[in-house]
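# Chains, contacts and geometry: an overview
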Amino acid sequence: MNNIIFPALSLGGLGLLFGLGLGFAAKKFAVQVNPLVPKVRDALPGANCGGCGFAGCDAFAKAVVDGHAPLNGCPVGGGECATAIAAIMGMEVKQTAKTVAYVKCNGTCDKAKEKYVYEGVMDCVSANMLQGKGSKACEYGCLGLGSCIKACQFGAIDIVDGVAVILPEKCVACGMCVSACPKNLIEIVPDAMKVRVACSSFDKGKSVKDNCAVGCISCGLCQKNCPYDAIHVNNGLAKVDYDKCVQCGICVDKCPTDAIVRYQI
């Protein structure tokens, strides 16, 4: 009987001793958390997408309370979330216009030439590692293999006729697709600004025309005809200045290759 009692008492005593030690250590070395942090965390949508630039919602909440992140820094939560965080922090927040991702390529199957038939892994990053950076004759064009779709947590991207297309009603501008695209084709733009350049090629005009029917050939007609100085051709590619653009659409009408579009789903 003693062979059972003494070991049991010894184990129980050790357990009690360790428990007391852990309890003391927990109090002694406890990290003080600002009570506002969990409140801000609860106001966030919990996507943990990293679109705010921090490693998830917990890190973003702490950064907001510490003054290292803006109140409206959560792209998923949007204006409603920013307002809630501002109320918790006792501050005011400036509401910003909705932004969305945009794929700067319109080289669909009937418009963009292919160098060969690709039968490899259905992944843009893998295909881009091949000679010539994929099967598209235009090395800047969308490969349409869906790396951006895999990166998007919100189902906001489809492949339509060989090109990735953003669904603005689902897009939260988290930027994950921007990072995933090996061609650097995707950028974040103001949702309200529908006049967009649907090309990313920096090739010369003749090369562009040889590879794609709807590529920017850097002719400069958009720049010459814009009455608001809102579009310029730099390094062979047109780019819209949304601070000046009034969406008049003159550049869309003047573009001879339809490389500038009035974007809509």
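This structure is a prediction, so every number in the text was calculated from the model and none was measured. (Residues numbered from 1 in each chain as written. Predicted model: local features only at pLDDT ≥ 70, side-chain atom pairs only at ≥ 80, totals over all residues. Heavy atoms only, no water.)

This paragraph deals with empty space enclosed by the protein. One pass over the full model with this rule turns up six cavities of 30 Å³ or more. As a volume, the largest cavity reaches approximately 120 Å³. Lining the largest cavity are 19 residues, and of these C105, C138, G141, C199 and C212 sit closest to its centre. Looking at the lining of the largest cavity residue by residue, the classes come out as 10 nonpolar, seven polar and two charged. (1 Å grid on protein atoms, 1.4 Å probe; cavity = no way out; pocket = protein on both sides within 12 Å on 5 of 7 lines; lining within 4 Å. Points joined across faces, edges and corners; volume = space filled by probe spheres on them. Nonpolar A, V, L, I, M, F, W, Y, C, P; charged D, E, K, R; others polar.)

To characterise two packed helices, one gives the angle between the axes of the helices and the distance between these axes. Running from amino to carboxyl end, helix α2 (residues 36–43) crosses helix α4 (residues 78–89) at an angle of 165°, the nearest separation of the two axes being 9 Å. One way to sum up the angle between α2 and α4 is to call them roughly antiparallel. Crossing angle aside, the handedness with which α2 passes α4 is right-handed. Residues L36, K39, V40 and A43 of α2 form the contact with α4, whose own contacting residues are C81, A84, I85, I88 and M89. (Axes fitted to C-alpha atoms, helices over the stretch in contact; angles between N-to-C directions. Helix = DSSP H or I, 4+ residues; strand = E, 2+ residues; numbered from the N terminus. Parallel < 35°, antiparallel > 145°, perpendicular 65-115°, else oblique. Left-handed = near helix turned anticlockwise from the far one by under 90°. Contact = heavy atoms within 4.5 Å.)

Here we take up the layout of surface pockets. Approximately 310 Å³ is the volume attributed to the largest pocket. Sorting elements by how many residues they give to the lining of the largest pocket places α4 first, with three residues. Across the lining of the largest pocket, the residue classes tally to eight nonpolar, eight polar and two charged. In this structure, the lining of the largest pocket is formed jointly by two domains, domain 1 (35–89) and domain 2 (99–262), each of which donates at least three residues. (Domains from an automatic or database assignment.)

The biggest cluster of nonpolar side chains holds 41 residues, and the ones touching the most others in it are I186, V197, I231 and I260. Counting residues per element, this core draws most heavily on strand β1 (residues 99–103), which supplies four residues. With near-sequence residues (within four places) excluded, I260 lies in contact with V195, R196, V197, C222, I231, C251, V252 and C255. (Core = buried A, V, L, I, M, F, W, Y, C linked by side-chain atoms within 4.5 Å. Buried < 20%, exposed > 50% of the residue type's maximum accessible area, 1.4 Å probe, protein only.)

It is worth spelling out the domain arrangement of the protein chain at this point. Assigned domains within the protein chain: domain 1 (35–89) and domain 2 (99–262). Between domain 1 and domain 2, the C-alpha centre-to-centre distance is 31 Å. Listed as interface residues are six residues of domain 1 and, on the opposing side, six residues of domain 2. Across the domain 1/domain 2 interface, buried area totals approximately 450 Å², and carbon plus sulfur atoms make up 61% of it. Linking domain 1 with domain 2 are zero residue pairs in polar contact (both at pLDDT 80 or more). Residue composition of the side of domain 1 that touches domain 2, grouped by class: four nonpolar, two polar and no charged. (Buried area = accessible area lost by both parts, 1.4 Å probe. Polar contact = N/O pair within 3.5 Å; in protein donor to acceptor, adjacent residues only side chain to side chain.)

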